[in-house]
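# Fold and contact review
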Amino acid sequence: MLVYSLSDNNIQGENFRGFLLYCLEISTYFSITIVNPQIKLSEFNKFLSKSFHTYSWYCYKTYEKPLSIMLYHSTPLLLAEIIKYFDCLFPENTKGIEDICFFNDTEIMFGSVTHEGIAQLVLSSETDIKSYRKFAKWEKEVITDKDCDFFPNLKKLT
């Protein structure tokens, strides 16, 4: 497993749109964290795989209140809908949802924590990073087994 962290401050504009589209095309699922329980994402319902609560998700752990996670089937058809909530990777106004993550089957391939400005790619090959460098700058990271404990495990959910 190879991990690359975003070294830019954010991904915005056409680069962000292209990044999302690419991820939606090559991933199986994506998740978002609901931070405003009043938010209704009816435009996403057709693609819903699961919704659940957890105390730990990608690089984020909470002890008081569980995180509300929505897991959707990835499709480029959702690009316009996602853009309504994310005008960039780390929006100042989250519009009730945060922390977009993408998965290839049950394995995470991209994770983000919006309010912390954290984003990482989890790749299986060195050559895979070339496709992502079109959208932003990425820096290779050395991670430990403990770091992997904070990666979501969809095997338990699907």
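Structure shown above.
First, a word on what this report is: a plain description of the structure on this page. Please read all numbers here as calculations on a predicted model, not as lab measurements. (Residues numbered from 1 in each chain as written. Predicted model: local features only at pLDDT ≥ 70, side-chain atom pairs only at ≥ 80, totals over all residues. Heavy atoms only, no water.)

Right, let's talk about the nonpolar core for a bit. F30, I32, I100, Y132 and W138 are the most contacted members of the largest nonpolar core, which has 39 residues in total. Per-element tally for this core: the top contributor is helix α1 (residues 13–26), with six residues. Listed in part, the 15 residues of the second largest apolar core include F52, Y58, L67 and I108. (Core = buried A, V, L, I, M, F, W, Y, C linked by side-chain atoms within 4.5 Å. Buried < 20%, exposed > 50% of the residue type's maximum accessible area, 1.4 Å probe, protein only. Helix = DSSP H or I, 4+ residues; strand = E, 2+ residues; numbered from the N terminus.)

Next up on the list: the pattern of salt bridges. Enumeration according to the criterion identifies three salt bridges in this entry. A salt bridge links E126 to K140, with the shortest nitrogen-to-oxygen separation between them at 2.5 Å. Separated by 14 residues along the polypeptide, E126 in the loop between β9 (118–123) and α3 (129–132) and K140 in strand β10 (residues 138–141) bring together distant segments of the chain. Assessed through its relative accessible area of 40%, E126 is described here as partly exposed. We classify K140 as partly exposed; its relative accessible area is 44%. (Salt bridge = Lys/Arg side-chain N within 4 Å of Asp/Glu carboxyl O.)

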